[in-house]
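# Observations on the model geometry
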Amino acid sequence: MKKFLLLIPVGLLAATGVFWASLTHTHTINQRALTPAKIQKEMPELFSDSEHYLRQIIRHGDAQSLSPLYTSLDTIKEKITQHEEKGVSVAKVEKMFSLYLQDSRLLTQKITPHLETLRQLDYYEDKNEENFITALDQIGLYELKSAYANLDQIRQDYLKTPSLEIKSKYEAENQRIQGIIRELYLDNAIEKPLYTYLNNHYQYLQTIASAYDHVGYERINRLRTNGYAIKAQLQLLPSS
């Protein structure tokens, strides 16, 4: 496989040097200011806010979204109770929302110890993905580019609808892409940053999986399906 070295542009070493330099540079995230949920918002909007905050926590390790998440959920609960006191039928949405509260609180409880790790992994990927893809483009091997696209899609599938099957599929694809890189016998200055990026990609999934495993895939998937149903039910309730 050493013949592949002949296909690699000389400029790749320079491009990869930029990529590699970014690995050792320490960054800090400027967290955006999050506005807590406001009482005057209608329930469908409040619920959309809560879904956004939950995604920020799980996908980006955003600790600042914890407080507004709980505020929006507590406000919705209060508003449902107010409707019930006025004689509005809320039994169906109240039952679904009660489950949603339990599931979301358990998930945030399990992910909270890992938020700083997740934030750093997410930040690293955000800053280095473009350089990683550029390196793949300059190597010019379709099989390698295709393997990474597949790996990334599998991870997205796991984050949305987690299962042991999808997790195993990701791990197998991760091993496959690393095997492809090994067979290219690349210069260490090129190879090492690729492995570093892929390891970060893998650790990101494993960090989220550690929380998913504790909560249970059934609950995680119920959060998504209940979310659709709750939003539809909230839209049927009278405005405040």
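These numbers were taken from a predicted model, which means no experiment stands behind them. (Residues numbered from 1 in each chain as written. Predicted model: local features only at pLDDT ≥ 70, side-chain atom pairs only at ≥ 80, totals over all residues. Heavy atoms only, no water.)

## Overview of the side chain of Glu51
Rules: Numbered from the N terminus, helices here are DSSP runs of H or I no shorter than four residues, and strands are runs of E no shorter than two. Side-chain atoms alone can form a polar contact between residues adjacent in sequence; in general such a contact is a pair of N or O atoms within 3.5 Å, and within protein one must be able to donate a hydrogen while the other accepts it. Residues are treated as being in contact if the distance between any of their heavy atoms lies within 4.5 Å.
You can see Glu51 is positioned in helix α2 (residues 43–60). Within the local environment of Glu51, its side chain forms a polar contact with the side chain of Lys231, the two groups lying 2.8 Å apart. Not counting chain neighbours up to four residues away, the residues in contact with Glu51 comprise Tyr100, Gly227 and Lys231.

## Brief notes about the packing of helix α6 (residues 142–160) against helix α7 (residues 164–183)
To keep it simple, the criterion reads: Angular values range over 0 to 180 degrees, each being the angle between N-to-C directions of two axes fitted as lines to C-alpha atoms, with helices fitted over their stretch in contact. For classification, angles of less than 35 degrees are called roughly parallel, those exceeding 145 degrees roughly antiparallel, those between 65 and 115 degrees roughly perpendicular, and all remaining angles oblique. Crossings are sorted by hand: turned counterclockwise from the far helix by less than a right angle, the near helix makes the crossing left-handed, and turned clockwise it makes it right-handed. Note on residue categories: nonpolar means Ala, Val, Leu, Ile, Met, Phe, Trp, Tyr, Cys or Pro, charged means Asp, Glu, Lys or Arg, and polar means any other residue, Gly included.
For the pair α6 and α7, the least separation of the axes is 9 Å and the interaxial angle reads 160 degrees. Classified by the angle their axes make, α6 and α7 are roughly antiparallel. Judged by the twist between their axes, the crossing of α6 over α7 is left-handed. Contacts from Glu143, Leu144, Ala147, Tyr148, Asn150, Leu151, Ile154, Arg155, Asp157 and Tyr158 of α6 reach α7 at Ile166, Lys167, Lys169, Tyr170, Glu173, Asn174, Arg176, Ile177, Ile180 and Ile181. Taken together, the residues that form the contact of α6 with α7 break down as eleven nonpolar, two polar and seven charged.

## Focus: the environment of Asn221
Assignment of secondary structure puts Asn221 in helix α9 (residues 217–236). Taking the C-alpha atoms as reference points, Asn221 and Lys160, separated by 61 residues in sequence, lie 7.8 Å from one another. When neighbours within four sequence positions are excluded, Asn221 is seen to be in contact with Lys160, Thr161 and Pro162.

## Describing the packing of aromatic side chains
Defined as follows: For Phe, Tyr and Trp, rings pair up if their centres lie within 6.5 Å, where Trp contributes its six-membered ring, and each pair is then called stacked (planes under 30 degrees apart), edge-to-face (over 60) or tilted (otherwise). Type-normalised accessible area, obtained with a 1.4 Å probe on protein chains alone, sets the label of each residue: buried when under 20%, exposed when over 50%, and partly exposed for intermediate values.
Here the structure, examined in full by the defined rule, presents eight aromatic pairs. An angle of 55 degrees between the planes, with centres 4.9 Å apart, marks the rings of Phe47 and Tyr100 as tilted. With a gap of 53 residues between them, Phe47 in helix α2 and Tyr100 in helix α4 (residues 91–111) connect regions that are remote in the sequence. For the pair shown, Phe47 and Tyr100 are each scored as buried. Feature note: the residues Tyr124, Phe132, Tyr148 and Tyr197 constitute an aromatic cluster, connected by ring pairs.

## Thoughts on helix α3 (residues 66–85)
The condition is simple: Expected helix span is computed as 1.5 Å times (number of residues minus one).
Here α3 is 20 residues long and its end C-alpha atoms lie 29 Å apart, about the 28 Å a rise of 1.5 Å per residue gives. Regarding α3, the residues found buried are Leu66, Pro68, Leu69, Ser72, Leu73, Thr75, Ile76, Lys79, Ile80 and His83. Taken together, the buried residues of α3 touch α2, α4, α5 (115–139) and α9. Taken from the residues just after α3, Gly87 is the one with a positive phi, measuring 90 degrees.

## Considering α5
Counted only if it meets this: By definition, a residue's bend is the angle between the axes fitted to the seven residues ending there and the seven starting there.
If you check α5, its first and last C-alpha atoms are 35 Å apart, about what 25 residues at 1.5 Å a residue would give, namely 36 Å. Largest kink in α5: about 50 degrees, centred on Asn128. Residue Gly140 follows α5 closely and has a positive phi angle near 80 degrees.

## Focus on the pattern of salt bridges
As a reminder of what qualifies: Throughout this description, the term salt bridge denotes a Lys or Arg side-chain nitrogen within 4 Å of a carboxyl oxygen of Asp or Glu.
This structure, assessed with the given rule, holds twelve salt bridges. Linking Arg155 and Glu125 is a salt bridge whose minimum nitrogen-to-oxygen distance equals 2.6 Å. Separated by 30 residues along the polypeptide, Arg155 in helix α6 and Glu125 in helix α5 bring together distant segments of the chain. Shared partners join several salt bridges into a network, and the residues in it are Asp103, Arg219 and Arg222.

## Re the packing of α7 against helix α8 (residues 188–215)
Remark: α7 packs on α8, axes separated minimally by 11 Å, with the N-to-C direction vectors making an angle of 170 degrees. With respect to their mutual orientation, α7 and α8 come out roughly antiparallel. For the pair formed by α7 and α8, the contact residues are Lys167, Tyr170, Glu171, Asn174, Ile177, Gln178, Ile181 and Arg182 on the first element and Glu191, Leu194, Tyr195, Leu198, His201, Tyr202, Leu205, Gln206, Ala209 and Asp213 on the second. Among the residues forming the contact of α7 with α8, the class breakdown is nine nonpolar, four polar and five charged.

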